[in-house]
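# Residue-level structural notes
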Amino acid sequence: MGIILKNTMRGELIMSELINNREHRQKILKEVIRELHAGKSVEEVKAKFAEAIQGVTAKEISEMEVQLVKEGLPIEEIQNLCDVHAAVFKGSIEEIHHPDEVSGHPIHTMREENKAIEDHINSSLLPNLEKFKEDDSNENRLSLISDINLLWDIDKHYSRKENLIFPYLEKYGVTTPPKVMWGVDDEIRSMIKNIKLSLTSYKGNKEEVVEGTNTMIHQVKEMIFKEESILFPMALDTLTEDEWIEIYDESDEIGYAIIYPDVKWERAKVNLEEKAKKESNNTDVDKGYVKFDTGMLSFKEIDLILNTIPGDMTFVDKDNIVKYFSQEKKRIFPRTKAVIGRTVENCHPPASVNIVDQLVEDLKSGKKDSERFWIKLGEKYVLITYFAIRDEKGEFLGTLEFSQDIAPFQEITGEKRLLSE
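Before going into details, it helps to say that this report is about the structure given with it. (Residues numbered from 1 in each chain as written. Predicted model: local features only at pLDDT ≥ 70, side-chain atom pairs only at ≥ 80, totals over all residues. Heavy atoms only, no water.)

## Details of the pattern of salt bridges
The full count for this structure, using the stated rule, is 14 salt bridges. Put simply, E112 and K115 hold a salt bridge, and the shortest N to O gap is 3.3 Å. With E112 and K115 both in helix α5 (residues 106–134) and three residues apart, this pair spans about one turn of that helix. Of the charged contacts, one joins D186 and R189 as a salt bridge, the two residues approaching to 2.8 Å between their closest N and O atoms. Taken together, the positions of D186 and R189, both in helix α8 (residues 176–200) and three residues apart, correspond to about one turn of that helix. Residue classification places D186 among the partly exposed residues on the basis of a relative accessible area of 39%. When its relative accessible area of 10% is taken as the criterion, R189 is described as buried. The structure contains a network of salt bridges with shared partners spanning D155, E162, D186 and R189. (Salt bridge = Lys/Arg side-chain N within 4 Å of Asp/Glu carboxyl O. Helix = DSSP H or I, 4+ residues; strand = E, 2+ residues; numbered from the N terminus. Buried < 20%, exposed > 50% of the residue type's maximum accessible area, 1.4 Å probe, protein only.)

Structure follows, in structure tokens:
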């Protein structure tokens, strides 16, 4: 007992220390951003947080920005600092994991696009810009226009990010990074458009074109860094595989930047029908499976799942005949198999039969879809809910009674994010 207590206390101390360190780091990071906002240079603030910055994750950067917005800093201010963020965090962020995404996965495709964009900038756009800088001949100007036209493909990359990934992040409460990035994306789009306009209607303003193109290239590369080190890890940590499937399925409609994914994303998915056939030959598994719209379960799995759900379930068909009840270990209202095949009236005390009849009639007629009652039974506070079960055409098939003790739920406060001992 003493050892368990010591280990528990030690675990609590470690967890408390981690939380305190995280809060301290958040505080320092916010102070640094505010100092940068006040006019200090990156070099002036680097020393202050060089030690604290170790171990910073993409999630913490996101939390920091969210907190700054909550404290009143406008989104526009964070957007102005976005490039400084990158300069500060570059080389300081811990090795944010880049999981080996399967080829064809939306993030894998976006990383490949980023490589293609950087390669296009370094191998073609920059050399042609240098030629234009030395000689703004018509030939060099047209080569530069061609490079800018190809770079405009980046719009598809940004559009997939903004319209497919951002909505899911926002659903999980990650709102500030998407807003900041979307604002910078629009700035880059505007820069590319202005450069193309300056080149197509060229008026000899060579230095202005060169400077604007270099600034745009810097912004594009900074956005690539922000995506790779902040957005992609955050999205991979947050979104479910089903959500990535939705993103994958809708990506073709928007299109891709410079490259096209030549590999189809082969999701790790089990063929349940094949699995069912294989397991049906196993004497340890009940033969027979039920195929649903959303999956497939064996009879044994269905029985165990229904009996594991914490609460009493009883199903009465459209003719008021009891067809099924669950056998959860801590049933609130005892049932015996003798009730199967009997009318629902025979399962309730005579004094409540008229209420039961009225309830069933209300559910059957469509007047109600559900009804709730709650009663005290000793230390238990029982919530009893009756649901009308209807098919896809709205036809009434029966009534499901579900009872559960909600007393433990009423004691819940705050949040629980850690595993129990």
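Having seen it, we continue.
## Describing the nonpolar core
Membership of the largest hydrophobic core comes to 45 residues, with the highest contact counts inside it found for M216 and W244. For this core, the secondary-structure elements that each account for two or more residues are α5, α6 (138–151), α7 (154–171), α8, α9 (206–238) and α10 (241–254). Among the elements that take part in this core, α9 stands out by supplying 13 residues, more than any other. Among residues more than four places away in sequence, those in contact with M216 are L125, I148, L151, M191, I192 and I195. Ranked by size, the runner-up nonpolar core spans eight residues in total, among them L359, L363, V382 and F396. (Core = buried A, V, L, I, M, F, W, Y, C linked by side-chain atoms within 4.5 Å. Contact = heavy atoms within 4.5 Å.)

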